Amino acid sequence: MNLDTLNPAQREAVEKTEGPVLILAGAGSGKTRVLTTRIAHLIENKGVQAPNILAITFTNKAANEMRERVEETLGSDTKEMWISTFHSCCVRILRKDINRIGYNRSFIIYDSADQVTLVKDCLKELNLSDKAFEPKVVISTISGAKDKLHSPKEFKQMHMSDARMSKIADIYALYQDRLKRNSALDFDDLIYKTVELLRTDSEVLEFYRSRFKYIMVDEYQDTSKAQYELIKMLAKEHQNICVVGDDDQSIYGWRGADIRNILEFEKDYDDVHVVKLEQNYRSTQIILDAANTVISNNIERKRKKLWSEKKEGELIKIQVAENEVEESDFVSDMIAKIAREQNRSYKDFAVLYRANAQARPVEDALNRSQIPYNIYGGTKFYERKEIKDLIAYLRVIQNPQDDISIKRIINVPRRGIGLRTIEKIEDRASLKQESMYSVLIDIESNSDISTKARNSISAFVDTIGTLRTIKEVYPVSKLIEKVLETTDYYEYIDDLYKGDTEEAKDRKDNLKEFISIAIEFEQSSEDQSLEEFLTGVALTSESNEEEEIDKVSLMTIHTSKGLEFPVVFLIGMEEGLFPISRAVRSMAESDIEEERRLCYVGITRAKETLYMTLTQKRTLYGKTNPSIASRFMEELPKECIEKLNKEEKQITSYSKANYNVLDKYKQKYMTNVNKSAVATKVNATIKDTTKESNLDDIKPGAKVHHPKFGVGTVVGMMGSDVTIAFEKQGIKKINKEYTTLDVL
DNA sequence: AGAGCTACAATTTTT
DNA sequence: TTGTAGCTCT
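Bear in mind the structure is a predicted one, so any value in this text is a computation, not a measurement. (Residues numbered from 1 in each chain as written. Chains lettered and ligands numbered in written order. Predicted model: local features only at pLDDT ≥ 70, side-chain atom pairs only at ≥ 80, totals over all residues. Heavy atoms only, no water.)

Trainee: Help me get a handle on the protein's contact with DNA strand C, residues and values and all.
Mentor: Within the structure, DNA strand C sits among Lys120, Arg360, Tyr621 and Gly622. Within 4 Å of the protein, the contacting atoms of DNA strand C are drawn from sugar and phosphate to the extent of 47%. Interatomic distance of 3.2 Å between a side-chain N/O atom of Lys120 and a phosphate oxygen of DNA strand C. Among the residues forming the surface near DNA strand C, the class breakdown is one nonpolar, one polar and two charged. (Near = heavy atom within 4 Å. Polar contact = N/O pair within 3.5 Å; in protein donor to acceptor, adjacent residues only side chain to side chain. Nonpolar A, V, L, I, M, F, W, Y, C, P; charged D, E, K, R; others polar.)

Structure below.
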């Protein structure tokens, strides 16, 4: 294994194999290369055995890429090595031993749509309305609890004094109970239950602890408390834990990622060796300067400064457009122009935005100019109705206890089992504490159900029974064909989408695509069971479709993490859109910091050319409002930017925007009128009239209002700097020249 | 059971 | 503005 091509920091990261290592890998600093080289180095130069290595990533893509590159470097296969995502690693552990904590080993995995259905069922059972307890909110609360390893019991205890949260704790408890009864785990459970298993069963813990002598975790800034705990437990014996990440690229806090994991790694482990990878191989120095400067406004971070050998470079170009249509036209015109003049291919361009809704006008513009593009995001393959139906059949065949899937397909295609009948079956199932399927099998003994419905149910049970025997002898792809055949599913599609329409054809194509996925699975997988197939389906989101085609990429900044493009357009650089917020005022500083990290991610996607655009007024969700330039625009260093507009276009800058404009702006994002929104609006109007006169009243002891931080008390003054103790946000030093402070 | 209507909500989403 | 979940009427 030759390490000569690495830079000194990279080399250090590779060679320091023993003990805890924290690799702070800035954007574009070659961390995948470091990780793969490190694994190869362990095997080749250190004589480590493949089974003793565990490498964890977040995405399948990253795991596959890592495996491929390790294989390439080593020239041997890596089957013995665990290189996988958190989730599939956990599934592997659980499939072997989850029975030790009372679960069925052939559990199935519920996706977020299944979660919604299950939560709705739980609400019904508890007689709670889904208005008061929105399933989405309930799920994210439960998910947050699991990410923090809080059991339903603990969660209940923690929220004793809060009636609402207490109710959510009850839902959580019932939800877990139902999952278990259905032999199902949700995504969060995969991690949570693995931790539970390792905590409760010392034999299992011992087994993996001694096995995994070298552990590596990629994207460590994105780990949750539960994932942190998992890793900590596994690394306990050997302490050879190497985590790689970039705190500045932590953008999934809202999904349970806890940035403290990376910030406090040095406290959590003894004698941590820290390596910073700061040399960037991707972008020009100008782009890096801009990124460095913007991110330096964050307080909560590890200091790092990216540098490049590609000195200078093009200035960052800023364009103010009248509205989103002009903005999009600008983008498409520039793409056409640059493609022509610099002879670039379309795949060199990316248009990045904060919210998916922004893609629409860009699409229109690109269509008008006949520029090919690819949109990333949107409905995923496995979320389409026909695919979900088919998966539900497969799940029931695999695991008849899955009530959620039973309910999905019992009358799809229609076989005359109506809502009333289903309800009766459900009631009986919950009375007898059994699955719906066992009630269905025993339907003849059920006298409340009409003979007609009973016959339909028997036929359904027979169908499932037959398919279950087919499963034992045929491969998955054949089984799928049999499902479609015996249920007359294609006819059902024709019926639903009126035969010869485009839509019907699309849907049928999807089903065929699904069969090819199954065939591919059979060819590439060792374990060809239906169980394994369903696991794979649950743990992958994209169907590996067309990519390497010459098209412009449109995606959110989140999706762009880890990618790079020669020319990048960051669009919609406006307050409220980026940083985004429903109510700017309530936005905590830590949320703004995450938005800023997102901005950093966006900027660092660009290799050579970066455009940033914003509008004077934007129509979003059918409402038009004047825009305020994003605060991040002001954070860009002046020497790195070039304004493209010939004549200065009028746009309110963030620091000039006064309290009123911001407030008006806030209302835009408060679509549903809630009481506090109305209250703040009224306050703002009243205050406006007194604003001018009371500037001198800003003095120690005075109560003031700050547009961003809310109400606080002045505790000190120095020149134009006012130190204010805010009620919510703590003590801050504010320059009164740049903000509008209102004395209350 | 199914069409058609209304009301409502609309960050980000690796698994 | 657009998508969809849920409801009503046939």
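Trainee: Please provide a residue-by-residue account of unusual backbone geometry, values included.
Mentor: With an omega dihedral of -5°, the bond running from Val412 to Pro413 counts as a cis peptide bond. Its identity is not glycine, yet Ser183 carries a phi of approximately 55°, on the positive side. The topology assignment puts Ser183 in the loop between helix 8 (163–181) and strand 5 (184–186). (Helix = DSSP H or I, 4+ residues; strand = E, 2+ residues; numbered from the N terminus.)

Trainee: Give a description of the protein's contact with DNA strand B that names residues and reports values.
Mentor: As a matter of local geometry, DNA strand B sits amid 27 residues, with Lys136, Arg255, Arg354, Arg414 and Thr556 nearest to it. Take the atoms of DNA strand B that sit within 4 Å of the protein: sugar and phosphate atoms are 58% of them. Between Asn60 and DNA strand B, the recorded distance is 3.0 Å, taken from a backbone N or O atom to a phosphate oxygen. One of the side-chain nitrogen or oxygen atoms of Thr556 is found 2.6 Å away from a phosphate oxygen of DNA strand B. For the surface near DNA strand B, the residue count by class is eight nonpolar, ten polar and nine charged.

Trainee: Explain the UniProt feature "binding site: ATP" (unreviewed entry) in chain A to me, using residue names and the numbers behind them.
Mentor: Feature annotation in UniProt places "binding site: ATP" (unreviewed entry) on Ala25, Gly26, Ala27, Gly28, Ser29, Gly30, Lys31 and Thr32, given in this structure's numbering. Position of Gly26 among the secondary structure elements: in the loop between strand 1 (21–25) and helix 2 (31–44). On the accessibility criterion, Gly26 (5% relative accessible area) is buried. Among all residues touching Gly26, those that are not within four sequence positions of it are Asp246, Gln249, Leu277, Lys304 and Leu306. Within the secondary structure, Gly28 is located in the loop between strand 1 and helix 2. The class for Gly28 is buried, based on a relative accessible area of 18%. Not counting residues within four places of it along the chain, the set of residues in contact with Gly28 comprises Gln279, Asn280, Tyr281 and Arg282. (UniProt positions renumbered as here; feature names shortened; annotations may be inferred. Buried < 20%, exposed > 50% of the residue type's maximum accessible area, 1.4 Å probe, protein only. Contact = heavy atoms within 4.5 Å.)

Trainee: Any details on the domain arrangement of chain A? Residues and values, ideally.
Mentor: According to the domain assignment, chain A consists of domain 1 (8–98 + 192–279), domain 2 (113–179), domain 3 (316–377 + 548–645), domain 4 (381–542) and domain 5 (702–743). Here the C-alpha centroids of domain 2 and domain 4 sit 28 Å apart. With both sides pooled, the region where domain 2 packs onto domain 4 buries about 470 Å², and carbon together with sulfur makes up 44% of that total. Applying the counting criterion to the domain 2 and domain 4 interface returns three salt bridges. The closest approach of N and O atoms between Asp114 and Arg395, which form a salt bridge, is 2.9 Å. (Domains from an automatic or database assignment. Buried area = accessible area lost by both parts, 1.4 Å probe. Salt bridge = Lys/Arg side-chain N within 4 Å of Asp/Glu carboxyl O.)

Trainee: I'd love a proper account of the UniProt feature "domain: UvrD-like helicase ATP-binding" (unreviewed entry) in chain A, names of residues and values included.
Mentor: Within the UniProt annotation, "domain: UvrD-like helicase ATP-binding" (unreviewed entry) is assigned to residues 4–284. With 52% helix and 13% strand, the stretch residues 4–284 has end C-alpha atoms that lie 24 Å from each other.

Trainee: Tell me about the sheet that holds strand 7 (residues 241–245), and name the residues and values.
Mentor: In space, the six strands of this open sheet follow the order 3-2-6-7-1-8, with parallel pairing throughout. Two strands lie at the open edges of the sheet, namely strand 3 (82–85) and strand 8 (273–277), each paired on one side alone. Within this sheet the neighbouring strands show an average axis-to-axis angle of 15°, counted without direction. Relative to strand 3, strand 2 (residues 53–57) is paired through four bridges, and the arrangement is parallel. By the bridge assignment for strand 3, Thr57 is matched with Thr85. Running at roughly 145° to strand 8, helix 1 (residues 8–15) makes contact with strand 1 and strand 8 of the sheet. Its contacts with the sheet put helix 3 (residues 60–74) on strand 2 and strand 3, and the angle it makes with strand 3 is roughly 160°. (Pairing = 2+ DSSP bridges. Axes fitted to C-alpha atoms, helices over the stretch in contact; angles between N-to-C directions.)

Trainee: Which residues make up helix 21 (residues 451–473), and what values go with them?
Mentor: Relative to the 33 Å expected for 23 residues at 1.5 Å per residue, helix 21 spans 34 Å between its end C-alpha atoms, a close match to the ideal helical length. Inspection of helix 21 places Ala453, Arg454, Ser456, Ile457, Phe460, Val461, Thr463, Ile464, Leu467 and Ile470 among the buried residues, and these make up the whole buried set. Elements that come into contact with the buried residues of helix 21 comprise helix 17 (385–398), helix 18 (403–409), helix 19 (419–431), helix 20 (436–441) and helix 22 (476–486). (Expected span 1.5 Å × (residues − 1).)

Trainee: A description of the sheet that holds strand 16 (residues 606–615) should follow, citing residues and the corresponding values.
Mentor: Taken in spatial order, the seven strands line up as 13-14-12-15-16-11-19 in an open sheet, and their pairing is parallel. In the strand order of this sheet, the two ends are held by strand 13 (373–375) and strand 19 (641–643), each with one partner. When the angles between neighbouring strand axes are averaged without regard to direction, this sheet yields 25°. Pairing of strand 15 (residues 565–570) with strand 16, which is carried by five bridges, proceeds in the parallel orientation. By the bridge assignment, Leu570 is partnered in strand 16 with Met612. Across the sheet, helix 15 (residues 324–341) is in contact with strand 11 (316–321), strand 12 (349–353), strand 14 (552–556), strand 15 and strand 16; its angle to strand 16 comes to roughly 155°. The strands touched by helix 16 (residues 359–368) are strand 12, strand 13 and strand 14; relative to strand 13, the strand with the most contacts, the crossing angle is about 160°.

Trainee: Tell me about the pattern of salt bridges, residues and numbers included.
Mentor: According to the stated counting rule, one finds 52 salt bridges in the structure shown. Among the salt bridges present, the one from Asp509 reaches Lys505, with a minimum N-O distance of 3.2 Å. One end of the pair, Asp509, and the other, Lys505, are both in helix 24 (residues 502–524), four residues apart, so they sit about a helical turn from each other. Residue class for Lys505 comes out partly exposed when judged on its relative accessible area of 48%. Among the ionic pairs, Arg631 bridges to Glu575, the shortest N-O distance being 2.7 Å.

Trainee: I'd like to hear about helix 25 (residues 530–539), residue by residue, with values.
Mentor: Among the ten residues of helix 25, seven are classified as buried, and the element is accordingly described as predominantly covered. Burial in helix 25 covers these residues: Leu530, Phe533, Leu534, Thr535, Val537, Ala538 and Leu539.

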